Amino acid sequence: MLSRAPFTAASLVALAVSAASCSRREAAQAPPPPVPVVTFTATDFAFQGPDTIPSGVVTLRLVNRGPSLHHIQLIQLGAGKTFDSLMAAMRNPGPPPAWMRFVAGPNTPAPGDSSALTETLAPGSYALICVIPNERGVPHIAMGMARPLVVAAPAAGAAAPVEPTAHVEVTLSDYDFALSAPLAAGTRTLKVTNAGPQPHEFFIARLDSGVTAQQLVDWVHGGMQGRPPALPLGGTTAFAAGDHTFVTLTLTPGDYALLCFLPDVGDGREHVAHGMVKQIRVS
C-alpha cells in the first residue's frame with residue numbers, strides 16, 4: 001500500500017519548480033504561429049482588400065484581375081501625415097518628401113495571376129498605390145488606384161510569427177543584383193535585401209524563348225504595346241535602403257530577367273539605364 005504521508009513545504013516547492021520547468025519547456029517547444037496572409041485584388045483601376053492588417057511578419061498577396069498590369073507599392077506615412085497628404089504630394093513634381101517611406105509590396109504578376117511577398121511591417125498609417133503607367137504614360141494612381149491602409153499593433157503578449165528561411169539571397173545595390181547562389185528550378189524562397197543607398201525594386205520575369213532582358217526593357221519603354229515578351233512573376237516594388245523582404249517563386253528552367261525601373265535620386269534616369277538589368281539562367 002502507498003504511503004499517504006502529508007506534503008511538506010519542501011515538497012510543495014519542488015513541485016512548483018518542476019511545474020514551472022515543464023511550462024518553460026512546453027513554451028520553448030511550441031511552434032510559432034503561421035504567417036498571416038493578406039490578399040488584395042487589383043482591377044482596372046482599384047484595389048479591393050482589408051482596411052486594416054496586422055503588423056509584424058505578414059504575407060501580402062496581390063491577385064491581378066487586369067486586364068492591365070498592376071502592382072502594390074506600399075508607402076509608410078510619417079507622423080501626422082494622412083492619405084490626403086500623400087495624394088497632394090504625389091501631384092507635385094520633384095523628389096518625394098522625406099516623410100514618405102517606400103515599403104515593398106508585391107510586384108507585377110501577369111493578368112489573371114498573383115504574386116506575393118513576406119515582410120515585417122511596423123504599425124502605422126500606410127497607402128497602397130499603383131504607379132504603372134497606361135499606354136498613354138498616365139500612372140494608375142492618377143486614375144484612382146490608391147487607398148489608405150492601417151497596420152495595427154499586435155495584441156499584448158501575442159505570439160509572433162517568424163520570417164521564412166531563404167534558399168538564396170539577392171542583394172540589390174547601385175546598380176546590380178547579386179545572387180548568393182544560382183537559382184534552380186522548383187519552389188524557391190529568396191531573401192531580397194536593399195544594400196544600396198537609395199530605394200530599389202526587384203522585378204522578375206521569365207523571358208520568352210530567344211528574348212533578352214534588354215528586349216523586355218525596350219518593350220516597357222515602347223509603351224507596353226501588345227503581348228509582353230516575358231511572363232511577369234512579381235518580386236518586390238520599391239523599398240528603402242537597409243530593408244529586406246522574402247519572395248517565394250515557382251521557377252521552371254529557362255532565362256529570366258531581373259530589373260529595377262526606379263528613377264535615380266541623382267539624375268532621375270531609371271536604374272535600368274544605369275545597368276540594373278540582369279539576365280540569369282534557371283536550370
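Here's what I pulled together on the structure shown here.

## Brief notes about unusual backbone geometry
Okay, so step 1: Looking along the chain, the bond that leaves D44 and enters F45 is cis, with omega of 15 degrees.
Okay, so step 2: Counting through the fold element by element, F45 comes out in the loop between β1 (37-43) and β2 (46-48).
Okay, so step 3: With an omega of 15 degrees, the peptide bond between G66 and P67 qualifies as cis.
Okay, so step 4: With respect to the element layout, P67 can be found in the loop between β4 (56-64) and β5 (73-77).
Okay, so step 5: In this model, M224 sits at a positive phi of 55 degrees, which is unusual for a non-glycine residue.

## Some remarks on helix α2 (residues 83-90)
Okay, so step 1: By the burial criterion, the buried members of α2 are F83, L86, M87 and A89. Projected down its long axis, α2 shows its buried positions confined to an angular sector of 160 degrees, all on one face.
Okay, so step 2: The elements touched by buried residues of α2 are β5, β6 (100-103), β8 (124-129) and β9 (146-152).

## Focus on the pattern of salt bridges
Okay, so step 1: Under the defined criterion, the tally for this structure stands at 7 salt bridges.
Okay, so step 2: A salt bridge links R136 to E135, with the nearest nitrogen and oxygen atoms 3.2 Å apart.
Okay, so step 3: Overall, R136 belongs to the exposed group, its relative accessible area being 61%.
Okay, so step 4: A salt bridge links R227 to D208; its shortest N-O distance comes to 2.7 Å. With R227 in the loop between α3 (213-221) and β14 (230-239) and D208 in the loop between β13 (200-207) and α3, this residue pair connects regions lying 19 residues apart in the sequence.
Okay, so step 5: Exposure remark for D208: the relative accessible area of 24% places this residue in the partly exposed category.

## Details of the side chain of Q73
Okay, so step 1: Here Q73 lies in strand β5.
Okay, so step 2: With relative accessibility at 5%, the residue Q73 sits in the buried group.
Okay, so step 3: At a separation of 3.1 Å, a polar atom in the side chain of Q73 contacts the main-chain carbonyl oxygen of V103.
Okay, so step 4: Within the structure, Q73 has its side chain in polar contact with the backbone nitrogen of A238 (distance 2.9 Å).
Okay, so step 5: Excluding residues that lie within four positions of it along the chain, Q73 makes contacts with F102, V103, A127, L128, I129, T237 and A238.

## Observations concerning the pairing of β4
Okay, so step 1: Counting buried positions over the 9 residues of β4 gives 7, a clear majority of the element.
Okay, so step 2: Pairing between β1 and β4: 6 bridges, direction parallel. Paired with V38 across the strands is L60, a residue of β4.

## Comments concerning the environment of T193
Okay, so step 1: In this fold, T193 is placed in strand β12 (residues 186-194).
Okay, so step 2: Not counting chain neighbours up to four residues away, the residues in contact with T193 comprise V170, T171, L172, F239, D243 and H244.

## Thoughts on the nonpolar core
Okay, so step 1: Within the largest apolar cluster, 33 residues are counted, with the highest numbers of intra-cluster contacts made by L121 and L216.
Okay, so step 2: Among the elements of the structure, β1, β4, β8, β9, β13, α3 and β16 (254-259) are those that each provide at least two residues to this core.
Okay, so step 3: When residues in this core are grouped by element, the largest group, 4 residues, is from α3.
Okay, so step 4: Once residues lying within four places of it in the same chain are set aside, the contact partners of L121 are I53, S55, G56, V58, L60, L74, V103, Y126 and V151.
Okay, so step 5: With 24 residues, the next largest nonpolar core counts L117, V168, F239 and L249 among its residues.

Rules and cut-offs
- Residues numbered from 1 in each chain as written.
- Predicted model: local features only at pLDDT ≥ 70, side-chain atom pairs only at ≥ 80, totals over all residues.
- Heavy atoms only, no water.
- Helix = DSSP H or I, 4+ residues; strand = E, 2+ residues; numbered from the N terminus.
- Buried < 20%, exposed > 50% of the residue type's maximum accessible area, 1.4 Å probe, protein only.
- Arc of directions from axis to C-beta.
- Contact = heavy atoms within 4.5 Å.
- Salt bridge = Lys/Arg side-chain N within 4 Å of Asp/Glu carboxyl O.
- Polar contact = N/O pair within 3.5 Å; in protein donor to acceptor, adjacent residues only side chain to side chain.
- Pairing = 2+ DSSP bridges.
- Core = buried A, V, L, I, M, F, W, Y, C linked by side-chain atoms within 4.5 Å.

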